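# Residue-level structural notes
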Amino acid sequence: MRREIREEYGIEIEVGPLLDVVDHILPAEGQHWVSPTYLCTLASGSPTIREPGKCSEIGWFAPDAMPKDLTLVTRADLAHYLQRLCG
């Protein structure tokens, strides 16, 4: 995970605890993804897009100001994160 983030965004992260694991099932495409999500912190650097074919825009958002067009996995991650914050 650290290597991927370094390669794609040019930053160093500290990997924290596992937040959740979400099944992302796409029957029409015949795909099933298992997506683990970890809570991480920025250790150093300033993020830039190093692989523009994979990502067109990045940003930092407060949990209550997230963009509306989130993926299924990101919506589930956000819900689990908010549950963790609120106890």
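Our subject is the structure that appears above.
Summarised in this report is the structure supplied together with it. (Residues numbered from 1 in each chain as written. Predicted model: local features only at pLDDT ≥ 70, side-chain atom pairs only at ≥ 80, totals over all residues. Heavy atoms only, no water.)

A few words on the overall build of the protein. For the protein, the helix and strand inventory stands at two helices and two strands. Beginning at the N terminus, the succession of helices and strands in the protein can be written as α-β-β-α. With respect to the three principal axes, the spread of C-alpha positions in the protein is 35 × 35 × 25 Å. When each of the 87 residues of the protein is scored for burial, the buried share is 17%. Considering only intrachain contacts with a sequence separation of at least 6, the fraction spanning at least 24 residues in the protein is 53%. When the accessible surface of the protein is totalled, it reaches about 6500 Å², and 56% of it is carbon and sulfur. Side-chain charges in the protein split into 8 positive and 13 negative, and the spacing between the mean points of these groups amounts to 4 Å. (Helix = DSSP H or I, 4+ residues; strand = E, 2+ residues; numbered from the N terminus. Buried < 20%, exposed > 50% of the residue type's maximum accessible area, 1.4 Å probe, protein only. Contact = heavy atoms within 4.5 Å. Areas by Shrake-Rupley, 256 points an atom, 1.4 Å probe, with all protein chains shown as cover. Lys, Arg positive; Asp, Glu negative; His and termini not counted. Charge placed at Lys NZ, Arg CZ, Asp CG, Glu CD.)

To continue, consider the side chain of S35. Along the chain, the position of S35 falls in strand 2 (residues 31-44). Discounting chain neighbours no more than four positions away, the residues touching S35 are D20, V21, V22 and V73.

Another aspect to go through is the pattern of salt bridges. Following the criterion strictly, the structure yields six salt bridges and no others. With a shortest N-O distance of 3.1 Å, R3 and E7 are connected by a salt bridge. Here E7 and R3 lie together in helix 1 (residues 2-9), a separation of four residues that amounts to about one turn. Its relative accessible area of 37% is what places E7 among the partly exposed residues. Between E12 and R6 there is a salt bridge whose closest N-O contact spans 2.6 Å. Taking relative accessible area as the criterion, E12 reaches 29% and is therefore assigned partly exposed. It is possible to trace a salt-bridge network through shared partners that takes in R3, E4 and E7. (Salt bridge = Lys/Arg side-chain N within 4 Å of Asp/Glu carboxyl O.)

A few words now on the layout of surface pockets. One number sums up the size of the largest pocket: a volume of about 2000 Å³. Along its surface, the largest pocket is lined by 40 residues, and Y9, G59, W60, M66 and T74 are the ones closest to its centre. At the level of elements, helix 1, strand 1 (12-26), strand 2 and helix 2 (72-86) are the ones that each hand at least two residues to the lining of the largest pocket. For the lining of the largest pocket, the element with the most residues is strand 2, which contributes 10 residues. Per-class residue counts for the lining of the largest pocket are 26 nonpolar, eight polar and six charged. (1 Å grid on protein atoms, 1.4 Å probe; cavity = no way out; pocket = protein on both sides within 12 Å on 5 of 7 lines; lining within 4 Å. Points joined across faces, edges and corners; volume = space filled by probe spheres on them. Nonpolar A, V, L, I, M, F, W, Y, C, P; charged D, E, K, R; others polar.)

Let's shift gears to the environment of T48. Its place among the elements puts T48 in the loop between strand 2 and helix 2. For T48, a relative accessible area of 41% translates into the label partly exposed. The spatial distance from the C-alpha of T48 to the C-alpha of I11 is 8.2 Å, given a sequence separation of 37 residues.

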